[in-house]
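# Results of the structural survey
Residue-level listing of the chains:
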2 protein chains.
Amino acid sequence: MGRWEPNARGRLEQAALDLFGERGFDATTVKEIAERAGLTERTFFRHFADKREVLFGSSPLRESLVTALDAGPDTAPPIDAIAAALRATAELLQERRELARRRQAIIDAHTELQERELIKLASLSSALAEALRRRGVAEPTASLAAEAGMAVFKIAFVRWINETNRQDLPELIQNALDELKAVTAGK
Amino acid sequence: MGRWEPNARGRLEQAALDLFGERGFDATTVKEIAERAGLTERTFFRHFADKREVLFGSSPLRESLVTALDAGPDTAPPIDAIAAALRATAELLQERRELARRRQAIIDAHTELQERELIKLASLSSALAEALRRRGVAEPTASLAAEAGMAVFKIAFVRWINETNRQDLPELIQNALDELKAVTAGK
C-alpha cells in the first residue's frame, strides 16, 4: 500500500496546477506531476484516477451544498434554502480563492475542460433540485430554484476569482441573489 | 454540385431520427441515413458535416432568440425582453414538437450527446447575455437575466415534449416564468 505521505493530495494538486499553468494541461504528464510534488506515480494514482481528476475530482461543492440543504428547516422558502446552502458552501471555499483562480485559468484555456466544467455544474444543479424535492418542494419549482441558485453561484464565483475583486464570496453571492430578484421582478 | 433534391434536408433529418431511434445513434451510419432518405451520401454531406450535426446543426433557436432580442424596444426591462424573445422562438418551434420529442429521446439515451446538448444550451445563454449587453444592459444583470431565461426555457421545453402534455410552448414558457418570479420572490 506504500507509506503514508504527509498531505500528498494537496502537494499533488499544487504541483499539477503549477505544471498545467506552465506547460498547458495536455503537455503535462502524471509522471511530471508526481516528480514535482516529490512523490511517486503510484501515490498519485492512490489519490486521482487521472490528471483531469485533479481539476474535477471530489469537489467539496456538491457535498456541502446538499448537506446544507438537507439540514435546513423544511419551512424555509426554496430560494432561501438554496441561498443558505450557497453561503455555507462559500464559507468553505473562501480559503481556496487562489487555487480556484488558477484552476479556472487552466479550464478557460482548454475547450474540453470547459465542457467538463459545464457537465459538473449541470450535475450540481440536478443535485440541488433533488435535495429540494426531498424537502417536499414540487416540480417545476425545485428545478427552477436549483437553476436560479446555480446561476447566482456561477456569477458570484467569476467575480470572486477576478484579480481585482476583494469582496468575499458569501457577500458576492448575496449581491448576485439580490440582483437576480431585481431582474426577475422586472427592474 | 449534384442536382437539387426537393426537401433533402428535411428527408435526411427524418431518416436520421428514425434510424437513431431504431438502432441507436452509434450504430447508425451516414450511408444508412442517405439510403433511408432515398438520397446519396454526397447529398447528406452537402447539408451536414456528420451525423451528430443532424441533431445539433443550424438550430433556429439561437438566431431566433438573438434576432428577437435585437429587434425589441430598448426600454423594456431585461427579463421582459428575454420573455418576449422566448415566446417568439416558441411560436417557431410549435410545429416541430414531434421532431423535438424524438430528438430529445435520442439525446437522453446517450451521454456524449447529453454533453453536447449542455454545451449548446450554455452557448445560447452566452448569446442571450451578449444581445442584452448590446442593448446597454450592464453586467451582472445581463448574464443573470440570460441564465434565468434559459432556465425558464429548459423547464418549459421538457414539459412541452412530455407525451401527456397538451399545452402550447409559449403558454408553458409564460407559466415557467411566472413560477420563477414567485420562486425568487421567496414564495
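Residues numbered from 1 in each chain as written. Chains lettered and ligands numbered in written order. Predicted model: local features only at pLDDT ≥ 70, side-chain atom pairs only at ≥ 80, totals over all residues. Heavy atoms only, no water.

## Observations concerning the packing of helix 1 (residues 8-23) of chain A against helix 2 (residues 30-37) of chain A
Residues and elements named next belong to chain A. Here is the rule: Axis lines are fitted through C-alpha atoms, for helices just across the contact stretch, and the angle between N-to-C directions can take any value from 0 to 180 degrees. The way it works is that DSSP assigns letters per residue, a run of H or I at least four long becomes a helix, a run of E at least two long becomes a strand, and they are numbered from the N terminus. Angle categories are assigned with fixed cut-offs, so that under 35 degrees is roughly parallel, over 145 is roughly antiparallel, 65 to 115 is roughly perpendicular, and the rest are oblique. Helix crossings get a hand from a simple test, with the near helix turned counterclockwise from the far one by less than a right angle marking a left-handed crossing and a clockwise turn marking a right-handed one. The contact criterion used is simple: two residues touch if any of their non-hydrogen atoms lie within 4.5 Å. For this classification, Asp, Glu, Lys and Arg are treated as charged, while Ala, Val, Leu, Ile, Met, Phe, Trp, Tyr, Cys and Pro are nonpolar and the rest, including Gly, are polar.
At a minimum axis separation of 8 Å, helix 1 and helix 2 run at an interaxial angle of 120°. With respect to their mutual orientation, helix 1 and helix 2 come out oblique. Of the two possible hands of crossing, helix 1 and helix 2 adopt the one that is right-handed. Contacts from Arg11, Leu12, Ala15, Ala16, Asp18, Leu19, Phe20, Glu22 and Arg23 in helix 1 reach Glu32, Ile33, Ala34, Arg36 and Ala37 in helix 2. Across the contact of helix 1 with helix 2, the residue classes break down as eight nonpolar, no polar and six charged.

## Describing the side chain of Thr141(B)
Heads up, the rule is: Polar contacts, as counted here, are pairs of nitrogen or oxygen atoms within 3.5 Å of one another; within protein the pair requires one atom able to donate a hydrogen and one able to accept it, and residues that are adjacent in sequence qualify only if both atoms are side-chain atoms.
On the secondary structure map, Thr141(B) appears in helix 9 (residues 141-161). Looking at Thr141(B), its side chain comes within polar contact range of the side chain of Glu179(A), at 2.4 Å. Discounting chain neighbours no more than four positions away, the residues touching Thr141(B) are Glu179(A), Val183(A) and Pro78(B).

## Overview of the domain arrangement of chain A
Residues and elements named next belong to chain A. The condition is simple: These domain limits were set by an automatic method or by a database of domain assignments. Accessible area, probed at 1.4 Å, shrinks when two parts are joined; the buried area is that loss added up over both. Think of a salt bridge as a Lys or Arg side-chain nitrogen and an Asp or Glu carboxyl oxygen that are within 4 Å of each other.
Domain assignment breaks chain A into domain 1 (8-54) and domain 2 (59-184). On a C-alpha basis, the centroid separation for the pair domain 1 and domain 2 is 27 Å. Opposite the nine residues of domain 1 that make contact, domain 2 presents nine residues. Of the roughly 820 Å² buried at the junction of domain 1 and domain 2 (both faces included), carbon and sulfur atoms supply 58%. Considering only the surface of domain 1 that becomes buried against domain 2, Leu17, Phe25 and Arg52 emerge as the three largest contributors, covering 59% of it. Here domain 1 and domain 2 share two salt bridges between them.

## Quick notes on the confidence of the model for chain A
Definition in use: pLDDT is a per-residue confidence score from the predictor, ranging from 0 to 100.
Taken residue by residue, chain A gives an average pLDDT of 89. The fraction at 70 or more is 96%. Per-residue pLDDT, averaged within each element of chain A, yields its smallest value for helix 5 (residues 60-71) of chain A (87) and its largest for helix 2 of chain A (96).

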